[in-house]
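A structural walkthrough
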Amino acid sequence: MTGRARVRARGQALTGSPGSGGQPGSPRRPDCSRSDEPMAVRTPQSEKEASTSCGHRETTKLTQRYGLSAGVSGCTLLERGGKTRCNFQDLGVNTRETMAHVKDCKTGFSGIPVKVVTNLYSLGLPREWQLYQYHVTFNPELESKRLRLALLYSHTELLGKAKAFDGAILFLSQKLENQVTELVSVTKRGETVNITITLTNQLVSSSPVCIQFFNIILKKVLKKLSMYQVGRNFYSPSDPVEIPQHKLTLWPGFAVSITQFENRVMLSADVSHKVLRSETVLEFMTSLYTRIDNACFIQTCEKELVGLIVLTRYNNKTYRIDDIDWCVKPTDTFPKRDGTEISYVDYYKQQYDIVLTDLNQPMLVSRLKSKQNSTVEPRVVHLIPELCYLTGLTSQAISDFRLMKDLAQEMHLNPEQRQQRLSQLADNIQRIKEARLELEMWGLQLGCQVSLTGRVVPTEKILMREQTCLPMSAGDWSKDMRNMKIIGVQPLDNWLMLCSNRNGELAENLLNCLKRVGGPMGFHIEYPRIVQVQESPMAFLRAVQQHVNPEVQLVMCVLSSNQKDCYDSIKKFLSLDRPVPSQCVLARTLNKQGMMMSVATKIAMQIICKLGGELWAVDIPLKSLMVIGIDVNKDALNKGSSVVGFVASTNSKITSPKVSVIVVRKKCIPRFFAEANRSLQNPPVGTIVDTEATRPEWYDFYLISQLARQGTVNPTYYNVVYDNSGLKPDHMQRLTYKMCHLYYNWPGLIRVPAPCQYAHKLTFLVGQSIHREPSLELADKLFYL
Amino acid sequence: MMDTNLQKDDLTGTIKFIPPLYKQRYQFIKDLVNKYKPKKVADLGCADCTLLWMLKFCKCIEVLAGLDIRENVMKEKMHRLSPLPADYLQPSERSLTVTLHHGSVAHKDPCMLGFDLVTCIELIEHLEAAELEKFPEVVFGFMAPAMVVISTPNSEFNPLLPGVTLFRHSDHKFEWDQAQFQSWAVAAATRYDYTVEFTGLGTPPPGTEDVGFCTQIGVFVRKYPKNGETVNSEKHTEHAYKTVFKAVYPSLKDEKYLQNAVVSEVLFGADIIKRRLLGNFKSECKEHSDGLEQKLKFQPFKYFMTCSKNLSLAETEKLAADRSMEPFIDGNTVYIPLAKIFSIPKVNQLCGTFEKLSNLIAGKVALSNDGSAVIVTIEYENEEQEN
């Protein structure tokens, strides 16, 4: 959450994009640009997006995402209720076997070993453990599943205790004596039914079906702990954490799953929180109504609510709000399944003994996805606001930084607190007999928490123009960099500064500060042409249209408010119609006395990047390397379409295209804690884990590349899905770590390789503001920072 | 009452009830519950717990129990009887406990004592002769609830039902005609001091009125109010049932949830008072009152009207008169007198008494040294520097 929120905050508050970098011979991009192997790196939003690669930076819109499809054995297990929930599309793809150089060993070696505790638990499976899958047929065929279950289960002595049967497929933990077993049962009506049980499969614990089976057992275990499934995770609504000042309720819970890891099947557990509003949608609407202008109530209300998920009071279902129908009232009628008409008021009274207090409330509209048949017109349901609770956060809430702060305080657990919760869960599973039995029945038992050895790779030196620095803290080297010259930038000679009439003084002040910080950096800034405009969004755009000519290197706008349309229109014009880098600054930011020098430093660095300059570098021994970052983002305007960002370090001579493709995931299952002073802490920055918590069929590793100031650090997961570069795993890991040093918007390490973060910024700008492919003239600059 | 309907397909001679008869039976019980408002209800032969599930929504019921001899059938859908996650968001006023027992109606178990209503829907015809013999003693003699409802098929109706040869269901041990059921019922009622009235569901087609309802029902009412305590202790018996399910619903009657709700309301209220005091809230309040006038024209949600009159004029004046109720700022801290907090309608309604409020928030909400005011620290919002 923090990563995204920070980026977003930056993106809106201070985006700018000056630049004059287009000329040939402009400074090279970071050191990584010398190489001969293109390396594609991407950060997917979900695990499904596919990557592409090509030579220059571009954005493309995808209307449809396509999946990295995986061959999965055809068996699906039905859970109670008939839904198949587990997704195991990842299983069954073995990318590692195609890469000869990592077949035997995919681990690195450099760095200092560090012992880390994980959130993984062994399951105590005996090596020879197997699951026996049988197919069961009934003769005569039986319509009723209940009857099929009852008849089969009446043969307890044969089947034993550990059995799972969905009406056709039977799983047993013990093998029956014969390949085919014939049974005879008699129904209560006196009919004789022949049951044939045929062995179809013997599954080892690592098989996908078996893993899925384990996860179903696990769900049963969690239910026995009185936890409720909401979405994928399990929560305890009976022990809520309230944040009353914002009317929020947090349900503590866990994301738990069983997966095949490098050497064995293990259970992973992580703390999860469900955020809910402790008020109904009607109460939310009411308080919104009292706070905003009536004229835009309907519009605002729809903007806030559409897309959110609600939980209904009378059943355990969640619905997405797709629309609000202001014409339908609770006193209106709808047809029941038997064809008779009933009013909503009467229905809820009859069915649930609920009396609706407000007979004028509008209706929430939700379109139900049909599971089997997507061609069938989706069914629409009307929901009563008074009977729905909001889950998650509204956009209003997300922009409320006090709320987010209070929320973070409850949700960000440090390693010690996290460990406490995990121990509690493990303890409950072992202590509560019904839960433990669910596992034991199948020969499973919750073992101890797994510890492993990771490595802390050496700290990287930051290369500046004349000096190098070894940062005190890898999280932030802005202080270490002070008074050092940046690697290179052309002078800013011809530029334009726009501000509203009343912000003239602020702009002057900013100029002075920019010049003062620019000098020591080695960045020469000329006095710009200053244009003062009226205080209106249109005025800025008009001024830009009037004053920008091809010679202008950069446009800077000092905006009075955080108005998105003003920002968007400027960015749109300067990215599409007249491509010039631009830098927007909020007047509020410039009002902070005492902060001006650090604000100016950051703005100066951003301007340098937008001009095509180079701030710092790290030493990369590989020559002629091209690094490509790809990211996908949603388009805010055209719902359903996505923006793909493609960012590459520029390079002149690629001769033999050797390629490594790495999937970068910011979210992953494992967590790592380091033991220090008898308590648990976040492992040091630069910790790499490439054993045990990894997957046998993949060339993968975990890297902690960011400093977590609060909470528990989230390792970043790297999966090298294709690699013909022949780079040793150790070099691949080190190179990845180096890449995390090169994001110019932040003088410190970040959690993904810089190209991924650049691609993210690019897609964010296009998805939020521009909605089209930016002009290619800007393509050689970091105009989107 | 549901309007019922009989449809006859002339071609096949099939009789179909709309809504189906089983639904009419459940609705019959629901109507009875709404009329007599029993607090404790037990369903004997609860099968897949559908009736119990319907009854759990009846606000008058605080204890629901189910009993069945087939444990698996009971377990199949018993999860429907668990509280929903949303029930925890705004716990209800009433308390509710749902319990399922595995056992036979031929056995006595003290967990079935003290009920207001016991229902036996399509149960007795499944009993073996020996069980049926013990049934009146167990239900009327031992459980002795204020009201018992027993329904069973009326065999006189069977010729009108397609495909029914002997009994309507293969597990039925017998099916009675009207006279048989009524004489059995009257005998039991007489013996255990109950009155009984007969009714039924599923009226026969015109011209065949004599056969009576498809389902016959006896409603038994105990003649004398019971002196519960003494009788119960006398009857102390060994437990014969196995409890297979128990769910306690979150309720404000439970101190834990009440405290949670009160603390939340107090902190929410205190936060609003603080903001109002610091002036941040002024503009919002103004908009609020401006909005009200327009709302009347726009036919506002009814809800707005109720929330806008949180404090009546008289109350406001009373508040103003009482100076000790005014919140004030001292240094970095806002002091909000408990009396002021207690005047917040929701807090007032939840706690009832001032003393209760003090008890509930003790240790959960920061209070001034003398305990007379809620204190809120003012944090000056140092917005984070954007990068």
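Residues numbered from 1 in each chain as written. Chains lettered and ligands numbered in written order. Predicted model: local features only at pLDDT ≥ 70, side-chain atom pairs only at ≥ 80, totals over all residues. Heavy atoms only, no water.

Focus on the overall build of chain A
How we decide: In this description a helix means any DSSP run of H or I spanning at least four residues, a strand means any run of E spanning at least two, and both kinds are numbered starting from the N terminus. Buried residues are those whose accessible area, probed at 1.4 Å on protein chains only, stays under 20% of the maximum for their type, while exposed residues exceed 50% and partly exposed ones sit between those limits. Here, two residues are considered to be in contact whenever any of their heavy atoms come within 4.5 Å of each other. The Shrake-Rupley method, run with a 1.4 Å probe sphere, supplies the accessible areas, and residue values consider only the shown protein chains as cover.
Tallying secondary structure elements over chain A gives 19 helices and 36 strands in all. Taking all 785 residues of chain A together, the buried fraction comes to 55%. Put simply, 73% of the contacts in chain A that link residues at least 6 apart link residues at least 24 apart. Taken as a whole, chain A presents about 34,100 Å² of accessible surface, with 50% of it coming from carbon and sulfur.

Quick look at the sheet that holds strand β5 (residues 163-165) of chain A
Residue and element names in this part refer to chain A. Rule in force here: For two strands to count as paired, DSSP must find a minimum of two bridges between them. Here, axes are lines fitted to C-alpha atoms. For helices the fit covers the stretch in contact, and angles between N-to-C directions go from 0 to 180 degrees.
One open sheet holds the five strands; their spatial order is β5-β6-β4-β8-β7, and the pairing between them is antiparallel. Each edge of the open sheet carries a strand with a single partner, namely β5 and β7 (180-186). The mean inter-strand angle of the sheet, taken between neighbouring strand axes irrespective of direction, is 25°. Strand direction decides the pairing type here: β5 and strand β6 (residues 169-172), joined by three bridges, are antiparallel. Looking at β6, one finds that K163 is bridged to L172.

Some remarks on the environment of L498 of chain A
All names here are of chain A. Along the polypeptide, L498 turns up in strand β25 (residues 495-500). Taking C-alpha positions, L498 is 4.9 Å from V531, a pair spaced 33 residues apart along the chain. Leaving out residues up to four positions away in the same chain, L498 has contacts with V531, F540, A543, V544, V555, M556, C557 and V558.

Section: the side chain of D635 of chain A
Short version of the rule: Between N or O atoms, a polar contact is any pair within 3.5 Å; within protein, one atom must be a potential hydrogen donor and the other a potential acceptor, and residues adjacent in sequence are included only when both atoms are from side chains.
Among the secondary structure elements, D635 of chain A is positioned in the loop between β29 (624-634) and β30 (642-648). Side-chain polar atoms of D635 of chain A contact the side chain of H771 of chain A, separated by 2.8 Å.

Remarks on the confidence of the model for chain A
For clarity, the threshold we go by: Per-residue confidence from the predictor is reported as pLDDT, which spans 0 to 100.
For chain A, per-residue confidence averages 82 on the pLDDT scale, and 86% of positions sit at 70 or higher. In the predicted structure, residues 1-89 of chain A sits below a pLDDT of 50 and forms 288 contacts with residues beyond four places in sequence or in another chain.

Quick word on unusual backbone geometry
Note that the residue after N139 of chain A, namely P140 of chain A, is joined by a cis bond; omega there is 0°. Within the secondary structure, P140 of chain A sits in the loop between β4 (130-139) and α2 (145-153). With an omega dihedral of -10°, the bond running from I18 of chain B to P19 of chain B counts as a cis peptide bond. Even without glycine at this site, K247 of chain A takes up a positive phi of about 55°. You can see K247 of chain A is positioned in the loop between β11 (241-243) and β12 (248-260). A positive phi angle, near 55°, is found at E692 of chain A, a position not held by glycine. By the element assignment, E692 of chain A lies in the loop between β34 (687-689) and β35 (699-704).

Some thoughts on the pairing of strand β22 (residues 449-456) of chain A
Residues and elements named next belong to chain A. Strand direction decides the pairing type here: strand β3 (residues 112-122) and β22, joined by seven bridges, are antiparallel. Bridge pairing in β22 places Y121 opposite Q449. By the bridge criterion, two bridges tie β22 to β34 in an arrangement that is antiparallel. Looking at the pairing, V456 lines up with T687 of β34.

Quick look at the state of the cysteines
Residue and element names in this part refer to chain A. Rules: Put simply, a disulfide is two cysteine sulfurs that come within 2.5 Å.
This model, assessed by the stated rule, comprises zero disulfides over all chains. We note that C557 lacks a disulfide partner, and the nearest cysteine sulfur, in C584, lies 4.6 Å from it. Take C740: it sits in no disulfide, and the sulfur closest to it among the cysteines is that of C756, at 8.4 Å.

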